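One letter stands for each residue in the lines below.
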Amino acid sequence: MATTKVKALEATGSAFATFHHTVIERRELWADDVAIDIKYCGICHSDIAQVEGIDQVFHYPIVPGHEITGIVSAVGPAVTKYQVGDRVGVGCFVDSCGKCKYCRAGQEQFCEKGFVSVFNTPDYQGQITQGGYSQSLVVKEHFVLSIPDNLDLAAASPLLCAGITTYNPLKRYGVGPGSKVAVIGLGGLGHIAVQFAHQMGAEVTVLGHSASKQAEASKFGATGYEILREAADFDQLSNSYDFILNTVAVSLDLDQYLKLLRVNGIFCFVGLTMDEQKFNLFSLFNKQGTLTVSNVGGIALTQEMLDFAAAHQVLPQIEMIGIDDVPTAYQRILASDVHYRFVIDMSTLK
């Protein structure tokens, strides 16, 4: 076993005060393994969701982090795609059965056996995975992603979760030239979704609740920016959009938003809330609309997304922090005080 330094959180204590530096063991290389020196790790709201539920999930220190980029430091003898020095990334999961119909179709996120998350999950050998707030990681070759040379390694980190989360539904529902797309919210997910939809050739409008981000929306490729506060604001946009992507994790008045769809339009959630969502069936019936939710994408689609991002310079806007800034960053995310994604410089983990 090899040891590596990490930033871990204990299962006890209030808020995020129990984050501390410690050392864990990583497995020795298996034949199809890739060892990675981690350079950057993004912070996702789902990291916080896992950490906040730690006492209900597992009872020992946890190492979060699933938006990982770095450099290959070693490879197993059966590895064919990567060599030492390659720029690589690791996203939400690090193993699946590889045999079920979903794995064979490149949709490992729906593995019938259950995919293995990059952290806080028992792997198939019974060991608990530990994530990217770490100096190094060992991952099966199949779950390692290539970061194109012209894609900034730090900015690429959020693409491993936020990027594929937004790219997947846009690609799956055929967004492209001639599509009129609306993105609800211009936050960590929304600002990436706008860039992807614009580069796919769609006409993109941001739906917000204030004018504070209108100028930035234009920089990301939006040609429209609508502020929705009252019923009349929705009425004037009735029948406007082929596809609406909701990136905010709050309850919405769905009947108001569904009236914005054109006939056969699609409303898709990627921002998720635990609150119950309610709507009138006739809000969909009158448009023959579709209300759906999108998951992350499989490994092949995630690689496609990274290649697309590199070719079109779709870049998350990041705020770089040091490893000891993580507790403060968590609090700022909960307060919606980030512009637009935090990325940890892992060289600060000493």
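Our structure's up above, just so we're on the same page.
Note that the coordinates shown come from a computational prediction; the quantities given were computed from them, not determined experimentally. All chains use their own residue numbering, which begins from 1 and follows the written sequence. Local features in a predicted model are, by the rule used here, given only for residues with pLDDT of at least 70; side-chain atom pairs are given and counted only at 80 or more, and totals for whole chains, interfaces and linings are based on all residues. Only hydrogens and water are set aside; all other atoms, that is, all heavy atoms of the structure, feed into the side-chain values.

Some thoughts on the overall build of the chain
Using the following cut-off: Only DSSP runs of H or I reaching four residues or more are called helices, and only runs of E reaching two or more are called strands; each is numbered from the N terminus. Every radius of gyration here is taken over C-alpha atoms, with the globule rule written as 2.2 Å times N^0.38, N being the number of residues. In this scheme, a residue with accessible area under 20% of its type's maximum is buried, one over 50% is exposed, and one in between is partly exposed, where area comes from a 1.4 Å probe on protein chains only. Residue-level accessible areas treat just the shown protein chains as cover; the underlying method is Shrake-Rupley with a 1.4 Å probe. Charged residues are defined here as Lys and Arg on the positive side and Asp and Glu on the negative side; His and the ends of the chain fall outside this count. In this description, the location of a charge corresponds to atom NZ of lysine, CZ of arginine, CG of aspartate or CD of glutamate.
Of regular secondary structure, the chain possesses twelve helices and 17 strands. Against the compact-globule benchmark of 20 Å for 350 residues, the chain has a radius of gyration of 20 Å, which places it among compact chains. Relative to its full complement of 350 residues, the chain shows a buried share of 53%. Here the chain has roughly 15200 Å² of accessible surface; of this, 51% comes from carbon and sulfur atoms. Taking the average location of the 25 positive side-chain charges in the chain and that of its 36 negative ones, the two points are 4 Å from each other.

Brief notes about helix H5 (residues 162–172)
Condition: By definition, residues are in contact when any of their heavy atoms lie within 4.5 Å.
Extensive coverage of H5 is indicated by the burial of nine of its eleven residues. Within the sequence span of H5, burial applies to Ala162, Gly163, Ile164, Thr165, Thr166, Tyr167, Asn168, Pro169 and Leu170. Close packing links the buried residues of H5 with strand E4 (67–75), helix H6 (190–199), strand E13 (241–246), strand E14 (261–269), helix H11 (299–312) and strand E17 (341–345). Just beyond H5, the residue with positive phi is Gly174, at close to 70°.

Some remarks on the nonpolar core
Our working rule: The criterion is simple. A nonpolar core is a set of buried Ala, Val, Leu, Ile, Met, Phe, Trp, Tyr and Cys residues joined through side-chain atoms within 4.5 Å.
With 88 residues, the main nonpolar core has Ile43, Tyr133, Phe196 and Tyr330 as its most contacted residues. Of the residues forming this core, the biggest block, seven residues, is contributed by H11. In this structure, Ala182, Phe234, Leu260 and Phe269 belong to the second largest nonpolar core, which totals 17 residues.

Here's the deal with the packing of aromatic side chains
Note the cut-off: Aromatic pairing here means that ring centres of Phe, Tyr or Trp (its six-membered ring) are within 6.5 Å. Orientation follows from the plane angle: under 30 degrees is stacked, over 60 is edge-to-face, and everything else is tilted.
Under the counting rule described, the total for this entry stands at 14 aromatic pairs. When the centroid spacing of 5.2 Å and the interplanar angle of 50° are considered together, the rings of Phe93 and Phe115 count as tilted. Of this pair, Phe93 sits in strand E6 (residues 93–95) while Phe115 is found in the loop between helix H3 (101–104) and strand E7 (116–117), placing the two residues 22 residues apart along the sequence. Given a relative accessible area of 4%, Phe93 falls into the buried group.

Here's the deal with the pairing of strand E8 (residues 136–140)
For clarity, the threshold we go by: DSSP calls a pair of strands paired once it identifies at least 2 bridges connecting them.
Across the five residues that make up E8, a large majority, four, are buried. The pairing of strand E3 (residues 33–42) with E8 spans five bridges and is classified as antiparallel. When the sheet's bridge partners are listed, Val34 is paired in E8 with Val139.

Remarks on the packing of H5 against H6
Keep this limit in mind: The angle between two axes is taken between their N-to-C directions and runs from 0 to 180 degrees, where each axis is a line fitted to C-alpha atoms and a helix contributes only its stretch in contact. Each angle receives one of four descriptions, namely roughly parallel if under 35 degrees, roughly antiparallel if over 145, roughly perpendicular if within 65 to 115, and oblique otherwise. Handedness of a crossing follows from how the near helix is turned relative to the far one, being left-handed for an anticlockwise turn of less than a right angle and right-handed for a clockwise one. Residues are grouped as follows: Ala, Val, Leu, Ile, Met, Phe, Trp, Tyr, Cys and Pro are nonpolar; Asp, Glu, Lys and Arg are charged; every other residue, Gly included, is polar.
Packing of H5 against H6 brings their axes to within 9 Å, and their N-to-C directions diverge by 40°. On the basis of their axis angle, the class for H5 and H6 is oblique. The chirality of how H5 crosses H6 is right-handed. Counting all contacts with H5, which are made through Ala162, Gly163, Thr166, Tyr167 and Leu170, the residues of H6 involved are Ile192, Ala193, Phe196 and Ala197. Here the residues of the contact of H5 with H6 are counted per class, giving seven nonpolar, two polar and no charged.

Focus on the packing of helix H1 (residues 45–52) against helix H12 (residues 326–334)
Closest axis-to-axis distance for the H1/H12 pair is 10 Å, and the angle between their directions is 105°. Looking at the two axes, H1 sits roughly perpendicular to H12. Listed contacts from H12 to His45, Asp47, Ile48, Val51 and Glu52 of H1 are Tyr330, Ile333 and Leu334.

Topic: the pattern of salt bridges
The cut-off we apply is this: Salt bridges, as used here, are contacts in which a Lys or Arg side-chain nitrogen is within 4 Å of a carboxyl oxygen on Asp or Glu.
Inspection of the entire model under this criterion finds eleven salt bridges. The partner of Arg262 in a salt bridge is Asp242, and the shortest N-O contact between them spans 3.4 Å. Remark: Asp242 occurs in strand E13 and Arg262 occurs in strand E14; sequence separation between them is 20 residues.

Section: the sheet that holds strand E12 (residues 224–227)
Spatial ordering of the open sheet is given by E12-E11-E10-E13-E14-E15, a layout of six strands whose pairing is parallel. Where the open sheet ends on each side, the last strands, each with one partner, are E12 and strand E15 (290–293). Neighbouring strand axes in the sheet, compared pairwise and without regard to direction, differ in orientation by 20° on average. Here strand E10 (residues 180–184) runs beside strand E11 (residues 203–208); their pairing, made up of five bridges, is parallel. Paired with Ala182 across the strands is Thr205, a residue of E11. Packing against the sheet, H5 makes contact with E13, E14 and E15, and its axis sits at approximately 160° to E13.

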